[in-house]
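Spelled out, the chains give:
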Amino acid sequence: MKSFYITTPIYYVNDKPHIGHAYTTILADVLARYHRLLDVPTFFLTGTDEHGQKVAEAAKAKGIEPIEQCETTVVRFRELWEKLEITNDDFIRTTEDRHKRVVQEILQRLYDDGEIYKANYEGSYCTPCERFYTDKDLVEGRCPECNRDVDTIIEPNYFFRMGKEQEWLIEYIDNHPEFIQPAHRRNETLGFLRKPLGDLCISRPKSRLSWGIELPFDKDYVCYVWFDALINYIGVPGYGSDDSRFSKFWPATYHLIGKDILTTHTVYWPIMLKAIGIDLPQTIFAHGWWLVGKDKMGKSLGNVVDPMKMCDDYGIDAFRYFLLAEMTPGNDASFTDKAFIDRYNTDLADNLGNMLNRAVKLIHRYFDGRIPEAGPEEDVDAQLKSVTFAAVEQMTDALGSMKLDRGLDAAMGVVKECNRYFEQTAPWILAKEKNTERLGTVLYTAAESLRIVSGLLFPIMPTKMAAMREVLGLGEDKATPKLADLSRWAVLESGTKIQDLHSLFPRIETQKNESNPTKKNKDKHKMNDGKDAPDLGVIDISDVGKVKLKTAKIIVAEKIEGADRILRLEIMVGSEQRQIIAGIAQYYSPEELIGKTIVVVTNLKPATIRGVESNGMLLAAKDKDGLHLITADGNCESGAEVG
Ligand code: MSP
């Protein structure tokens, strides 16, 4: 690949950015970061679309000039991109001179070549709203905004000869399946092109709308905002100003867009480029929309998701991860706080964060915080290695085919496999048996897998993954991964000091509103407490269900200094690692506890005992001989529900 050039749409500055804008820009950022890691010359462009009716109307509503509207709103976009650690190489504002100059040069050339001509435009016009509407926009023949009658107006305007290229465009799309993606969007464009394609009105008389770029051949008109905006994609990389840079990056590899701006990008833009005399971009990729629950997001519905707030509430990298993991590019996706928290807790806290925690703690405990030496490889080690390398390939494919959600699934699959690997190899038992060589191999293998996972996820969560790499002893110079190292094994050097880990992804605890029972429950309570039903201490089956019991494997047990009745236990409840404090020190020694599968209450509110957090309670029976832990019979796995 000679170069990689990716663009986002340039965003209207009529309002502040929302989750949809954040999604496209993060997707572009991830692909740009990935190509930079591949050492491919990369150019990533975003910016703002500042002319046209939408921006003029937003300004008018506030009683300010359009340029003031632009100046204040562009700051919101710049701030958000900075917060989200977006690594765009340039940021174009269409009110900048460098943009206006290219637009005017192109307009003049096309006019001189006869590609732009003057003719009458006939349409339905609402005088109070000062807007033209197409027949489709009208509601029972009246203005969709104010419901007044519209006038048919004939107005001289300038047109771009678009219609004559209809057959050429259909043929081009047919011959270049990669040009419009995904395939269902290509079909949508081809469907649109089945109807006759007219010429495009590219001017607005200043008497009606003056906020735009003046036509160089008629100062009474400004350019239609779309004709002006699309040109940013070629102007910024150097069309008309820097030929060598332009030929380095053009044709663009990807124009990322939302599905609602498909026609402008896949019909107007290719025909404009043909008239200008340059090649078409390689791929226009249209993603779906973010819905909120099942609803369209909109200001009037009051459900707009603010990306700044999401970052403040949950962290930047987690937000980046969620957006990419949750949307299959091309389809719509649904945002809810619950979906966010569920995915965060499952993927990041319980799976990735926990696994890293387990490996790091064991290396600290048994190898003095240094990467151990790996001994002979066994089948289970080879299995984890092969799942890890398969994920590298899956991520590479996913990035090339814009299926990032699948790549993320593969990376998270490796972490799940690491957790399973620990269950199979039981390093805590190896430690108990003092089998240091095998323990070293197991911990080395897991750490290597996690190193590769941190590299795979680096473009998506740059800060958290750099932190994870530092924990694994990949000092500052190796915090940024080399892509070649993702396909190599044994990159971690034995003896390297690893760092302490401060919870990478702390679980988000949701407040279950127990004090606000549903009406049904209230009635039930009332029945139990009522005069007719004497309280015999009998409980309902639903009361039993409130206590969540699960099996858990003890992986660490130790005394707490100055407290002779309690022990600190680290347990695995499935893939989730927890710490509990148990008053069993008089009955069990730490050594005999390791490896036991016990039963714990998992939904008990965490408590602090002797300054240490206890997150759960184990079950034990007490009789005249002392205390007996309730354990699971046979070879029961951890995390199984008890009930
Ligand atoms: N200014 C034009 C683009 C010109 S590009 C030469 C424009 N701007 S916009 O601000 O209205 O929209 C920008 C992008 O946001 C579009 O790709 C649009 O699809 C996307 N989204 C708007 N709402 C969205 C969601 N709810 N979800 C995902 N993306 C959405 O159009």
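Up top is the structure these notes are about.
About the criteria used
- Residues numbered from 1 in each chain as written.
- Predicted model: local features only at pLDDT ≥ 70, side-chain atom pairs only at ≥ 80, totals over all residues.
- Heavy atoms only, no water.
- Pairing = 2+ DSSP bridges.
- Helix = DSSP H or I, 4+ residues; strand = E, 2+ residues; numbered from the N terminus.
- Bend = angle between axes of the 7 residues up to and from the residue.
- Salt bridge = Lys/Arg side-chain N within 4 Å of Asp/Glu carboxyl O.
- Buried < 20%, exposed > 50% of the residue type's maximum accessible area, 1.4 Å probe, protein only.

Describing the sheet that holds strand β15 (residues 290-292)
The strand order across the open sheet built from three strands is β16-β15-β17, with neighbouring strands paired in mixed fashion. Taken across any chain shown, the strands that pair with only one partner, and hence form the sheet edges, are β16 (295-296) and β17 (333-335). Two strands pair when backbone bridges link them, and β15 and β16 are joined in this way by two bridges, in the antiparallel orientation. When the bridges of β16 are listed, Val292 appears paired with Asp295.

A closer look at helix α13 (residues 337-367)
The largest bend along α13 reaches roughly 35° and is located at Asn345. In the stretch just after α13, Asp368 is the one whose phi turns positive, near 55°.

Quick word on the pattern of salt bridges
Two side chains of opposite charge can pair, provided their charged atoms sit close to one another. Enumeration over the complete set of coordinates arrives at 38 salt bridges. Residues Asp381 and Arg438 are paired through a salt bridge, measuring 2.8 Å at the closest nitrogen-oxygen approach. Taken as a pair, Asp381 in helix α14 (residues 379-400) and Arg438 in helix α17 (residues 436-456) lie far apart in primary sequence, 57 residues in all. Grouping residues by exposure puts Asp381 and Arg438 together as buried.

Description of the sheet that holds strand β5 (residues 116-126)
Taken in spatial order, the four strands line up as β6-β5-β7-β9 in an open sheet, and their pairing is antiparallel. On the outer flanks of this sheet lie β6 (131-133) and β9 (200-201), each paired with one strand and no other. Relative to strand β7 (residues 151-160), β5 is paired through ten bridges, and the arrangement is antiparallel. In the sheet register, Tyr125 faces β7, and the bridge partner there is Asp151.

Examining unusual backbone geometry
Here the amide bond leading from Gln181 into Pro182 is cis, since omega sits at -10°, within 30 degrees of zero. Considering the arrangement of structural elements, one finds Pro182 in the loop between β8 (180-181) and α6 (183-192). In this model, Trp250 is joined to Pro251 through a cis peptide bond whose omega is 5°. Tracing the chain through its elements places Pro251 in the loop between α9 (243-249) and β13 (254-258). In this structure, Asn147 is a non-glycine residue whose phi angle is positive, near 65°. As for its placement among the helices and strands, Asn147 is situated in the loop between β6 and β7. Overall, the relative accessible area of 47% leaves Asn147 in the partly exposed class. Phi angles above zero are rare outside glycine, and Met402 is one such case at about 60°.

Focus on the pairing of strand β18 (residues 549-560)
Each regular strand shows side chains that alternate between the opposite faces of the sheet. Note that β18 and strand β21 (residues 597-601) share five bridges and pair antiparallel. Each residue of the ladder has a partner; that of Thr551, found in β21, is Val599. Relative to strand β27 (residues 641-642), β18 runs antiparallel, the two being bridged by two bridges. Directly across from Lys550, in β27, lies its bridge partner Glu641. Sheet topology note: the β18/strand β19 (residues 563-573) ladder contains seven bridges and is antiparallel. Each bridged residue has a counterpart across the sheet, and for Val556 the counterpart in β19 is Glu570. Between β18 and β19, which pair antiparallel one after the other, the connecting turn spans two residues, and Gly562 there sits at a positive phi close to 80°.

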